[in-house]
Amino acid sequence: MGQLYVMNHPLILHKLSIIREKDTSVKEFREIISEIASLMCYEATRDLPVEDVVIETPLAKATVKRLAGKKLAIVPILRAGLGMVDGVIELIPNAKIGHIGLYRDPETLMPVEYYCKLPNDIGERDVFVLDPMLATGGSAEAAITFIKQRGCRSIRLMNIIAAPEGVKKIQEAHPDVDIYTAALDDCLNDHGYIVPGLGDAGDRIFGTK
Ligand code: PRP
Ligand code: URA
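Residues numbered from 1 in each chain as written. Chains lettered and ligands numbered in written order. Predicted model: local features only at pLDDT ≥ 70, side-chain atom pairs only at ≥ 80, totals over all residues. Heavy atoms only, no water.

Outline the overall build of the chain, supporting the account with residue identities and numerical values.
The number of helices and strands found in the chain is 6 helices and 13 strands. Relative to its 209 residues, the chain shows a buried fraction of 47%. Within the chain, counting contacts between residues at least 6 apart in sequence, those at least 24 apart form 63% of the total. Taking the average location of the 24 positive side-chain charges in the chain and that of its 29 negative ones, the two points are 5 Å from each other. (Helix = DSSP H or I, 4+ residues; strand = E, 2+ residues; numbered from the N terminus. Buried < 20%, exposed > 50% of the residue type's maximum accessible area, 1.4 Å probe, protein only. Contact = heavy atoms within 4.5 Å. Lys, Arg positive; Asp, Glu negative; His and termini not counted. Charge placed at Lys NZ, Arg CZ, Asp CG, Glu CD.)

What follows is the structure, given as structure tokens:
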């Protein structure tokens with residue numbers, strides 16, 4: 001079964017407390033989503049391979065560590081996943097970026113696909129799927145299935161808030177995928193919203209409500 005990593009860091013907890021508040025402005029919400037994504041990326045890339053290289057400092061030759069040229073890709077789930085892209089790209093600027101457009105049908109809560117554009121060589125890359133909210137898990141499950149259909153075998157999921165229901169769904173459907181989340185909340189309400197959560201992440205990032 002995939003691992004669930006819940007960030008338990010004072011900076012992340014503090015930032016989360018601000019974006020959960022209903023009166024936080026769109027500007028601040030967007031900035032903090034990006035900052036949390038950056039801090040989480042630091043953790044989610046902890047096991048990337050490094051290799052020895054010899055360089056010259058102003059004083060001497062030194063053997064130092066560098067990333068071992070692993071090919072990376074990030075795939076935000078539209079729309080809300082876009083809010084995490086800048087924060088992640090700041091730390092891994094050479095990653096390619098794919099996009100998967102999914103929205104959740106408000107009646108059935110099932111994901112509906114409307115866009116998919118992935119790097120041609122996605123199958124050779126380590127992929128980080130980004131979406132602030134893991135609620136029923138339907139959207140992330142579908143996105144990971146698309147990516148696997150393109151030959152990718154190394155996928156991690158990064159969320160800001162996850163519900164137990166979504167975690168269970170991903171762990172059952174994709175047991176090879178590790179989940180990184182800033183918080184694991186209590187449950188879903190009758191409309192599939194995470195409680196206590198932060199509301200509709202897409203609307204709060206883009207100011208559409
Ligand atoms: C939200 C969120 C996830 C999905 C989570 O997107 O960003 O993609 O819901 O719910 P699930 O785990 O039950 O599938 P939404 O469908 O509201 O679309 P948006 O990003 O365009 O606002
Ligand atoms: N999508 C959101 O944006 N928020 C939730 O709580 C659940 C799904």
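Outline helix α4 (residues 138-149), listing residues and values.
Here α4 contains 12 residues, and its C-alpha end-to-end distance of 17 Å stays within 8% of the 16 Å for a straight helix at 1.5 Å per residue. The complete set of buried residues in α4 reads Gly138, Ser139, Ala140, Ala142, Ala143, Ile144, Phe146, Ile147 and Lys148. Remark: Gly151 follows α4 within two positions and exhibits a positive phi of approximately 95°. (Expected span 1.5 Å × (residues − 1).)

Go over the site of ligand 2, please, and point to the residues and values.
Around ligand 2, the structure places Arg104, Met133, Ala135, Gly192, Tyr193, Ile194, Gly199, Asp200 and Ala201. Separating an oxygen atom of ligand 2 from a backbone N or O atom of Ile194 is a distance of 2.8 Å. Interatomic distance of 2.8 Å between a backbone N/O atom of Gly199 and a nitrogen atom of ligand 2. Its free accessible area being 240 Å², ligand 2 has 87% of it covered by the protein chains. Judged by its atoms lying within 2 Å of the grid points, ligand 2 is housed in the largest pocket. Partitioning the shell around ligand 2 into residue classes produces 5 nonpolar, 2 polar and 2 charged. (Near = heavy atom within 4 Å. Polar contact = N/O pair within 3.5 Å; in protein donor to acceptor, adjacent residues only side chain to side chain. Areas by Shrake-Rupley, 256 points an atom, 1.4 Å probe, with all protein chains shown as cover. 1 Å grid on protein atoms, 1.4 Å probe; cavity = no way out; pocket = protein on both sides within 12 Å on 5 of 7 lines; lining within 4 Å. Sits in = over half its atoms within 2 Å of the grid points. Nonpolar A, V, L, I, M, F, W, Y, C, P; charged D, E, K, R; others polar.)

Explain the layout of surface pockets residue by residue, including any values.
Quantified by volume, the largest pocket comes out at close to 660 Å³. Around the largest pocket sit 28 residues that line it, and Tyr103, Arg104, Ser139, Tyr193 and Asp200 are the ones nearest its centre. Of all elements in the fold, only β4 (72-78), β6 (99-104), β9 (133-134), α4 and α6 (201-206) reach the threshold of two or more residues within the lining of the largest pocket. For the lining of the largest pocket, the per-class residue count stands at 15 nonpolar, 8 polar and 5 charged. Taken as a whole, the second largest pocket encloses approximately 210 Å³ of empty space. Lining the second largest pocket are 14 residues; nearest its centre among them are Leu67, Lys70, Leu72, Ile92 and Asn94. In terms of residue class, the lining of the second largest pocket is built from 9 nonpolar, 2 polar and 3 charged. (Points joined across faces, edges and corners; volume = space filled by probe spheres on them.)

Tell me about the environment of Asn94, residues and numbers included.
Along the chain, the position of Asn94 falls in the loop between α3 (82-91) and β5 (96-97). It is 29 Å that separates the C-alpha atoms of Asn94 and Pro10, two residues lying 84 residues apart in sequence.

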